[in-house]
Amino acid sequence: MTGRSARCRRSAVLVSVLAAALALTGLTPQGRAPSAARAAAGTAAAAPYQDPSLPVTARVDDLLSRMALDDKLGQMTQVEREALQPQSALATYRIGSVLSGGDGTVSPNNARTWADTYDAYQRIALGTPLGIPMVYGIDAVHGVGAVRGATLFPHNIGLGATRNPALVERVGRAVAEEVSGTGIDWNFAPCLCVARNDRWGRTYESFGETPGIPASMTTYITGLQGERLGAGPASVLATAKHFIGDGGTSGGTDQGDTRLTEAELRAVHLPPFAEAVRRGVGSVMLSYSRWNGAKLHGHRHLVTDLLKGELGFTGFVVSDWAAVDQLDGQPGFTAEEVRTAVNAGVDMVMVPHDYRTFLSLLRTEVTSGRIPLARVDDANRRILTKKFELGLFEKPYADRALTGTVGSAGHRALARQAVRESQVLLKNEGGVLPLDTSAKLFVAGKSADDIGNLSGGWTLGWQGGSGDVAPGTTVLEGIRAAVADPARVTYDRHGHGVDGSYTAAVAVVGETPYAEMHGDRPGAMGLDEEDLATLARLKSAGVPLVVVLVSGRPLDIAAQLPDWDALLAAWLPGTEADGVSDVLFGDHAPSGRLPVSWMTGAAQQPVNDGDGKTPLFPYGYGLGYGTQPPPPAPAPTPAPAPEGCTADYEVTGSWTGGFQAEVTVHNASSGPMDGWAVTWDPAGRAVTSLWNGSLAVGGDRATVRNAAWNGALAPGATASFGFTADGAPPPSPSASCAAS
Ligand code: BGC
Ligand code: BGC
């Protein structure tokens, strides 16, 4: 079938659906809507905006010219589906977007009901006079966790440990297919947060503590959206969140205050967003947090000047859940909150409940001129552009061909691969790992056979929950499947019954699920009483003790570590935890590396790469089997070098068409340095983003000079910068460094 006839067929389907939807909602088309009546009569596509052969800009212009103010205000409004009472309020208020919050669900909860539900709301949206489709958003932050039966992948911190951006792109693709199978077109992911304090309850949503890891993992966005939005099936609008500094708050307090100079904010928290914009991310969600006391949701400089202006972001900005309503710290919308947010650059407001009040305030602010109409038009242009690019006008309904991919064997195999690659081996005394498949094993711990604990937050509910919440494979099940004789595996959650007859005991312990502020740990960060008791029982048997830590972040385990023979950081693996047992038995040698520094104790927080503190396990640490890298040692004191500084160039990740590198600058002289410059031959690879320095390219040399704040280096001190570049990683070039 030619492209043209395919288009005709789709619009014919659209036409009859429109007619049916109009009849259903009882809405009558208004005069300024050219399409509905003629469309219902089955005549040719009525208006330019409905013509997919026209460029998107022309379609947006045409549509905007037909929209009344209320249509435009509705496009800027996003409502939690369950708050739309009656459902027809979607049409009455011309609501442009619907979401399911962390606790939003359908009954019975399966992919098909989700798709039916999506279609029902879309039908209502298409029944409005202009027939503008809604866009439906959800938090598929580790797979489409709201849907029972979905594949749940490791949370971001585990994906960061893989250091494998190509794998993460494939994960994004699989998530896009599962999301699309429910009809949903928009994912509030990935979180590009740079978690700087592990007390933060969202640390597990971060790919890592340095800007480089989240920047390299923006491949996830390409996975979700495809090479460009709407190109091919299962193109899901991605969201880079939460702009900016969400992971940098003082004390790691969720929704807190990030106190940094602008240079520091840009160096640590901006690079992942710059990379996301370069990859064409369609939406950006703002952070609840403040920057030096000022809320991001009212921050025109950061949202409009920096994100939209300087970075050139052309997608739309969505607010976080009720964040606009929270601007003044009081419950209930005020005109000032609405005005402040929209004028700062918020294009769509995640209301999520009281849309009537929100819309009436927005209307008053616009008609009074306090919000310029040009701002409303700009917001609409951004939102509608993405709707057209997604192909929503042509294919507004769930693609049922993808519904069967939800929880498919192929996706589960990919998730298992991601779990394997995310495991970080931190200790392996006497080579107790890998385990032999003929070993007699005692397995214990509250997370060994608990898919809920293994999956963490955003799993069948905002906070997730312990227990058999989702279909999947637990660590215990993985172990039983791996051994030669399952009868040689004994399990008791609390470790009762263990004795000296076992080859080894495996304890799977750690955190129970949480999300957002509920996961903040301002006090102790250690294991709970149950885990400590279980570990003590296993220890008393006198057999080698292997600890698998299931947690969203490093925990304070220094005091117990000497009792353990092996420690495997499993993060939050999700539904395919046989990826953990694959590593325990050596089917996959551990290859993960710490995406965050591992504290010596809670009091050491925050502890991050390059801050001069000595963690228990440094950022980047991870053992393999066989020839093990030496244990972490303090950096040797270098002999003073006449040239003053040295530069170590390291490729830290690569993916199709790009790579990431980090360069460590070291003041190897005996005196202080005021500034530095590093040069190397980029061998034709164009640098696409750079952090912690400024770049100049000339001839066959790339030169990076220090940023304002990291030039001064005491003798022996180091600074580092990083970048992403196009092309395949070069054989590590030798970089030369000069004091300046
Ligand atoms: C919602 C979540 C949301 C949270 C914010 C919950 O009730 O389900 O989606 O993130 O509230 O407070
Ligand atoms: C979270 C966001 C999420 C939103 C919608 C908020 O509470 O901060 O990350 O996308 O709720 O569920």
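Residue numbers run consecutively from 1 along every chain, following the written order of its sequence. Chain labels run from A onward and ligand labels from 1 onward, assigned in the order the entries are written. The model is predicted, so local features are restricted to residues of pLDDT at least 70 and side-chain atom pairs to those at 80 or more, both for listing and for counting; the totals for chains, interfaces and linings are taken over all residues. Side-chain metrics in this entry use all non-hydrogen atoms of the structure; hydrogen atoms and water are not considered.

J.: Would you take a moment to explain the site of ligand 2 for this structure?
T.: Around ligand 2, the neighbouring residues are Asp 139, Phe 188, Arg 202, Lys 241, His 242, Met 285, Tyr 288, Asp 320, Trp 321, Met 350, Trp 458 and Glu 516. Taking Glu 516, its side chain carries an N or O atom lying 3.0 Å from an oxygen atom of ligand 2. Computed by Shrake-Rupley with a 1.4 Å probe, the accessible areas treat only the displayed protein chains as cover when residues are assessed. Protein contacts shield 97% of the accessible area of ligand 2, which totals 310 Å² for the unbound molecule. Lys, Arg, Asp and Glu make up the charged group, whereas Ala, Val, Leu, Ile, Met, Phe, Trp, Tyr, Cys and Pro make up the nonpolar group; the residues left over, Gly among them, are polar. Partitioned by chemical class, the residues of the shell around ligand 2 number six nonpolar, one polar and five charged. Throughout this document, a residue counts as near a molecule or strand when at least one of its heavy atoms sits within 4 Å of that molecule or strand. Any pair of N or O atoms that falls within 3.5 Å is considered a polar contact. Within protein, one atom must be able to donate a hydrogen and the other to accept it, and sequence-neighbouring residues count only if both atoms are side-chain atoms.

J.: Even after reading the chapter, I still don't get the packing of aromatic side chains, so can you show me in this structure?
T.: The description of an aromatic ring pair rests on the distance of the ring centres and on the angle between the ring planes. Here a pair means two rings of Phe, Tyr or Trp (six-membered ring of Trp) with centres within 6.5 Å. Their orientation is stacked below 30 degrees between planes, edge-to-face above 60, and tilted elsewhere. Taken as a whole, this structure holds 19 aromatic pairs when the rule is applied. Relative to Phe 273, the ring of Phe 243 has its centre 5.2 Å away and its plane inclined at 85°; by these criteria the two rings are edge-to-face. Linking Phe 243 in strand β5 (residues 239–243) with Phe 273 in helix α12 (residues 271–278), this pair joins segments that are 30 residues apart in sequence. Connected via pairs of aromatic rings, a cluster forms that spans Tyr 649, Phe 659, Trp 676, Trp 680, Phe 721 and Phe 723. Note on geometry: a ring has a charge over it if NZ (lysine) or CZ (arginine) is within 6 Å of the ring centre and within 35 degrees of the ring normal. The ring of Tyr 502 has Lys 440 sitting right over it, with the charged end atom 4.5 Å from the ring centre. In DSSP terms, a helix is any run of H or I states spanning at least four residues, a strand is any run of E spanning at least two, and both are numbered starting from the N terminus.

J.: Help me out: how do you make sense of the domain arrangement of the chain in this one?
T.: The accessible area lost on association of the parts is a frequent measure of interface size. What marks off one domain from the next here is an automatic or database domain assignment. One can read the domain layout of the chain as domain 1 (55–404), domain 2 (423–604) and domain 3 (645–739). Centre-to-centre separation of domain 2 and domain 3, based on C-alpha positions: 38 Å.

J.: Quick question: what am I supposed to make of the site of ligand 1 here?
T.: The local shell around ligand 1 consists of Gly 101, Gly 102, Asp 103, Trp 321, Trp 458, Trp 462 and Glu 516. Within the contact set of ligand 1, an oxygen atom lies 2.5 Å away from a backbone nitrogen or oxygen of Gly 102. Trp 321 places a polar side-chain atom, nitrogen or oxygen, 3.5 Å from an oxygen atom of ligand 1. Its free accessible area being 310 Å², ligand 1 has 79% of it covered by the protein chains. Taken together, the residues of the shell around ligand 1 break down into three nonpolar, two polar and two charged. Both of domain 1 (55–404) and domain 2 (423–604) provide at least three residues apiece to the shell around ligand 1.

J.: Quick question: what am I supposed to make of the nonpolar core here?
T.: What tends to happen in soluble globular proteins is that the nonpolar side chains get buried as a cluster. Judged by nonpolar contacts, the single largest core of 171 residues is most densely connected at Phe 243, Ile 479 and Leu 584. When residues are assigned to domains, this core turns out to be shared by domain 1 (55–404) and domain 2 (423–604), each giving three or more. Excluding anything up to four places from it in sequence, Phe 243 contacts Leu 270, Phe 273, Val 284, Met 285, Leu 286, Ser 287, Leu 296, Leu 302, Val 303, Leu 306 and Leu 307. Formed by 20 residues, the second largest nonpolar core is a distinct cluster that contains Met 673, Trp 676, Phe 721 and Ala 725. Put simply, a nonpolar core is a bunch of buried Ala, Val, Leu, Ile, Met, Phe, Trp, Tyr and Cys residues held in one set by side-chain atoms that sit within 4.5 Å of each other. Burial here depends on accessible area, computed with a 1.4 Å probe over protein chains only, as a share of the maximum for the residue type. Under 20% is buried, over 50% is exposed, and the range in between is partly exposed. Any pair of residues with heavy atoms lying within 4.5 Å of one another is described as a contacting pair.

J.: Would you mind going over the state of the cysteines with me for this structure?
T.: Cysteine sulfur atoms are paired as a disulfide whenever they fall within 2.5 Å. Taken as a whole and assessed by the stated rule, the structure comprises two disulfides. Here Cys 191 is linked by a disulfide to Cys 193, with a sulfur-sulfur distance of 2.3 Å. Taking the sign of the torsion about the S-S bond as the criterion, the disulfide between Cys 191 and Cys 193, at about 135°, is right-handed. Note on Cys 193: relative accessible area 0%, which makes it buried. Note that Cys 645 is cross-linked by a disulfide to Cys 737, the S-S spacing being 1.8 Å. Across the S-S bond of Cys 645 and Cys 737 the torsion is about -100°, and the bridge reads as left-handed. Taken as a pair, Cys 645 in strand β18 (residues 645–655) and Cys 737 in strand β25 (residues 736–739) lie far apart in primary sequence, 92 residues in all. Its relative accessible area of 11% is what places Cys 737 among the buried residues. Each bonded cysteine of the chain is numbered by sequence order, and under that numbering the disulfide pairs are 1-2, 3-4.

J.: So what exactly am I meant to see when it comes to the sheet that holds strand β22 (residues 693–698) here?
T.: The strands making up a sheet are joined through hydrogen bonds of the backbone, oriented either antiparallel or parallel. For two strands to be treated as a pair, DSSP must find no fewer than two bridges joining them. With antiparallel pairing, four strands are arranged side by side in an open sheet as β22-β23-β20-β25. In this open sheet, the two strands that pair with only one neighbour each are β22 and β25. Each strand of the sheet is rotated relative to its neighbour by a mean of 20°, with strand direction disregarded. Here six bridges tie β22 to strand β23 (residues 701–706), and the two strands are oriented antiparallel to one another. In the strand pairing of β23, Leu 695 is matched with Val 704. Here an axis means a line fitted to C-alpha atoms, over the contact stretch when the element is a helix, while the angle between two N-to-C directions is reported on a 0 to 180 degree scale.

J.: Is there a simple way to think about the packing of helix α14 (residues 335–344) against helix α15 (residues 355–367) in this case?
T.: A packed helix pair is summarised by two numbers, namely the angle formed by the two axes and the spacing between the axes. Remark: α14 packs on α15, axes separated minimally by 9 Å, with the N-to-C direction vectors making an angle of 70°. The orientation of α14 with respect to α15, classified from their angle, is roughly perpendicular. Viewed along their axes, α14 and α15 form a crossing whose handedness is right-handed. Where α14 abuts α15, its residues Ala 335, Val 338, Arg 339 and Val 342 lie against Phe 358, Leu 361, Leu 362 and Glu 365. Looking at side-chain class alone, the contact of α14 with α15 contains six nonpolar, no polar and two charged residues. Any angle that is under 35 degrees is reported as roughly parallel, and any over 145 degrees as roughly antiparallel; angles of 65 to 115 degrees are reported as roughly perpendicular and all others as oblique. In this scheme the crossing of two helices becomes right-handed for a clockwise turn of the near helix relative to the far one and left-handed for an anticlockwise turn of less than a right angle.

J.: Please clarify how helix α3 (residues 56–66) should be interpreted in this entry.
T.: Helical geometry: 3.6 residues make up each α-helical turn, so side chains three or four residues apart lie on a common side. Of all the residues in α3, the buried ones are Arg 59, Val 60, Asp 62, Leu 63, Leu 64 and Arg 66. Where the residues of α3 are buried, they touch α4 (69–75) and α16 (373–390).

J.: It is not clear to me how the environment of Leu 402 should be interpreted in this structure. Could you clarify?
T.: Mapping Leu 402 onto the fold places it in the loop between α16 and α17 (409–422). Note: C-alpha distance between Leu 402 and Ala 505 (103 residues apart in sequence) is 42 Å. In this view, Leu 402 contacts Glu 177, Ser 180, Gly 181 and Ala 234; residues no more than four positions away in its chain are not counted.

J.: How should the environment of Leu 69 be read in this particular structure?
T.: Examined against the element boundaries, Leu 69 turns out to sit in helix α4. Using a relative accessible area of 21% as the deciding quantity, one classes Leu 69 as partly exposed. C-alpha separation for the pair Leu 69 and Ala 647, spaced 578 residues apart in sequence, amounts to 58 Å. Leu 69 has contacts with Arg 363, Val 366, Thr 367 and Leu 373, leaving out every residue within four places of it along the chain.

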